[in-house]
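A look at the structure
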Amino acid sequence: MHPPGAGTVLVRYGEVGIKSDQLRTRMEKQLQANSRAILDDRDLPGSVEQAYTRLYVHTTPARIDEVTDAVTDAFGVVSASPALRVDPTMAAICDALADAARDQYDGQTFAVRAQRAGPQSAHPFSSPELEREGGSVVHTAAQEEGYEPTVDLDDPEMTFSVECRQDDAYVFLERRDGPGGLPVGTQKPLVALVSGGIDSPVAAWLTMKRGAPVIPLYVDLGEYGGVDHRMRAIDTVERLRRFAPNVDCRLRVAPGGEGIEQIAGVTEMYRMLVARRFMFRIAAAVAEDVGAVGVVTGESIGQKSSQTTANLRVTSAAIDLPIHRPLLSMDKPEITERAKKIGSYDDSTIDAGCQQLAPEAPATQPPLERIGAAEPDDLARLAAEAAAAITVADGDPSA
Ligand code: ATP
Ligand code: MG
């Protein structure tokens, strides 16, 4: 919902705005570049203007809805409003409010909210004055359309908002939520282990939401995995790309088949844990190669036997790099809901490859030494080789 002729998107970014000056400037630049990249990726016209604690995307009224949706995909954005730009005078603002009321008002309870930015002396009216005058203009316009409008200042069904700057003012009717967080690219990168299941793409997305670019890594399990799994992983990663087209988050594939074959011979009880330690070693080696400073997984406490708190201790001990688990405390329904919002939810019933490797009675509280002793001797070498042989997936299933 927006005033007729709206051609500017007002973009708000909460957390970025409260950083120290130097850091804020860097984050704002990154947010500007990221928004620009999303617009370009979707062939949307618009110029991105940086102002104090706001971004303004000036575009054409014909594309205003798409542009608003696009910028609300950028990490760091708290909300965005499609707005009409007018002169910062009482008359121009009231005209715009009346137009908006005639065009969009539909009998709801309403309120007018006004905010002024810049020095006090910039406008010959106060925000309350603007709200009173605007409210009466909207009321009259609504009456002329045949309604009996009611003002509700506490909990209005429709809010006519005005933001007044020194040189211009903006009128808007809605706020669309963004993801919040920090602009991606403002943290050092992390390697995200992505299996193509429901969890791992959500973990990667949440990591980017806090500003860290991810290098998605899929471990090809050879005959325990398969082309279907890889394709699924490629597809989910493609979803992530939409949120950050300027991050190179193409899926990297490590050939883990040889290692997994060795692991298949490990005593049943410890097999899954050894397999997970193998993946972590591959991820750590890739991280070193690409300059990433940690590993991300879609694990959540107790979701599987390999994810008990005791087993997370055993698997985490395989590498020195920190392993980040953004889903640690989330339940499956919460994760699924998030995956649907992101668009990575895939209700494919294909079982993950590891199922074939999964024993009937896995250990849930194994002593760390026993795991180390159970590991095939050349596992470290196999992990290093797999990491050295990664390829970039291009979506071709025969590749
Ligand atoms: P997902 O967690 O993605 O839904 P899943 O629950 O079937 O898949 P688990 O066996 O629980 O996967 O694995 C836990 C985590 O280990 C995954 O979230 C992912 O980060 C990582 N992982 C599992 N299998 C692979 C793989 N083949 N390649 C890369 N990472 C993997
Ligand atoms: Mg999982």
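Note that the structure is a prediction, hence the values are computed from the model and not measured.

It is worth spelling out the overall build of the chain at this point. Looking only at helices and strands, one finds 12 helices and 15 strands in the chain. If you line up the chain on its principal axes, its C-alpha atoms span 80 × 40 × 40 Å. Residues classed as buried in the chain amount to 53% of the 399 residues present. Across the chain, contacts joining residues at least 24 apart in sequence account for 81% of those joining residues at least 6 apart. If the 40 positive side-chain charges of the chain are averaged to one point and the 59 negative ones to another, these points end up 5 Å apart.

Residues in close proximity to ligand 1 total 19 residues, the closest being Leu-193, Ser-195, Ser-200, Arg-276 and Gln-307. In the environment of ligand 1, an oxygen atom lies 2.6 Å from a nitrogen or oxygen atom belonging to the side chain of Ser-195. Between an oxygen atom of ligand 1 and a side-chain N or O atom of Ser-200, the distance comes to 2.6 Å. Look at ligand 1: alone it shows 570 Å² of surface, and the protein chains cover 94% of it. When residues of the shell around ligand 1 are traced back to their parent elements, those giving at least two are α5 (199-209), β11 (214-220) and α8 (268-290). Top contributing element to the shell around ligand 1 by residue count: β11, with 3 residues. Tallied by class, the residues present in the shell around ligand 1 amount to 8 nonpolar, 7 polar and 4 charged.

Before going further, it helps to examine the coordination of the magnesium ion (ligand 2). Taken together, Asp-199 (OD) and Gln-303 (OE1) make up the protein donors of the magnesium ion (ligand 2), found 2.1 to 2.3 Å from the metal. Here Asp-199 is found in helix α5, whereas its partner Gln-303 is found in the loop between β13 (295-296) and α9 (309-316), with 104 residues between them in sequence. Under the relative-accessibility criterion, Gln-303 is labelled partly exposed at 27%.

Moving on to the pairing of strand β1 (residues 8-12). On a regular strand, one side chain projects to one face of the sheet and the next to the other, so that they alternate. Of all 5 residues in β1, 5 are buried; the element is thus mostly enclosed. Residues Thr-8, Leu-10 and Arg-12 of β1 are buried on one face, and the alternating residues Val-9 and Val-11, pointing to the opposite face, are buried as well. Direction of pairing for β1 relative to strand β4 (residues 79-86): antiparallel, over a ladder of 5 bridges. When the sheet's bridge partners are listed, Thr-8 is paired in β4 with Ala-83.

With that settled, consider the packing of α5 against helix α10 (residues 332-342). Contact geometry for α5 and α10: axes closest at 9 Å, N-to-C directions at 70°. In terms of orientation, α5 lies roughly perpendicular with respect to α10. In this structure, α5 crosses over α10, and the sense of that crossing is left-handed. Across the interface between the two elements, Asp-199, Val-202, Trp-205 and Leu-206 from α5 touch Lys-332, Ile-335, Arg-338, Ala-339 and Ile-342 from α10. When grouped by side-chain class, the residues that make up the contact of α5 with α10 number 6 nonpolar, no polar and 3 charged.

Burial runs high along α5: 11 of the 11 residues are buried. Where α5 is concerned, the buried positions are Asp-199, Ser-200, Pro-201, Val-202, Ala-203, Ala-204, Trp-205, Leu-206, Thr-207, Met-208 and Lys-209. Just past α5, the residue Gly-211 takes up positive phi, approximately 100°.

A few words now on helix α4 (residues 127-144). Compared with an ideal rise of 1.5 Å per residue, which puts 18 residues at 26 Å, α4 spans 26 Å between its outermost C-alpha atoms and is within 8% of the ideal. Every buried residue belonging to α4 is among Ser-127, Leu-130, Gly-134, Gly-135, Val-137, Val-138, Ala-141 and Ala-142, and all of these are buried. Contacts from the buried residues of α4 go to α3 (90-104), β5 (109-116) and β7 (158-164). Gly-146, located one to two residues past α4, shows a positive phi value of around 95°.

The next subject is the packing of α8 against α9. At their nearest, the axes of α8 and α9 sit 9 Å apart, and the two run at 45° to each other. With respect to α9, the axis of α8 lies oblique. Here α8 and α9 pass one another in a crossing that is right-handed. Counted together, Leu-273, Arg-276, Arg-277 and Phe-280 of α8 and Asn-311, Val-314, Thr-315 and Ser-316 of α9 form the full contact between these two elements. Here the residues of the contact of α8 with α9 sort into 3 nonpolar, 3 polar and 2 charged.

Reading the values: the criteria
- Residues numbered from 1 in each chain as written.
- Chains lettered and ligands numbered in written order.
- Predicted model: local features only at pLDDT ≥ 70, side-chain atom pairs only at ≥ 80, totals over all residues.
- Heavy atoms only, no water.
- Helix = DSSP H or I, 4+ residues; strand = E, 2+ residues; numbered from the N terminus.
- Buried < 20%, exposed > 50% of the residue type's maximum accessible area, 1.4 Å probe, protein only.
- Contact = heavy atoms within 4.5 Å.
- Lys, Arg positive; Asp, Glu negative; His and termini not counted.
- Charge placed at Lys NZ, Arg CZ, Asp CG, Glu CD.
- Near = heavy atom within 4 Å.
- Polar contact = N/O pair within 3.5 Å; in protein donor to acceptor, adjacent residues only side chain to side chain.
- Areas by Shrake-Rupley, 256 points an atom, 1.4 Å probe, with all protein chains shown as cover.
- Nonpolar A, V, L, I, M, F, W, Y, C, P; charged D, E, K, R; others polar.
- Donors = N, O, S within 2.8 Å, 3.2 Å for Na, K, Ca; no water.
- Pairing = 2+ DSSP bridges.
- Axes fitted to C-alpha atoms, helices over the stretch in contact; angles between N-to-C directions.
- Parallel < 35°, antiparallel > 145°, perpendicular 65-115°, else oblique.
- Left-handed = near helix turned anticlockwise from the far one by under 90°.
- Expected span 1.5 Å × (residues − 1).

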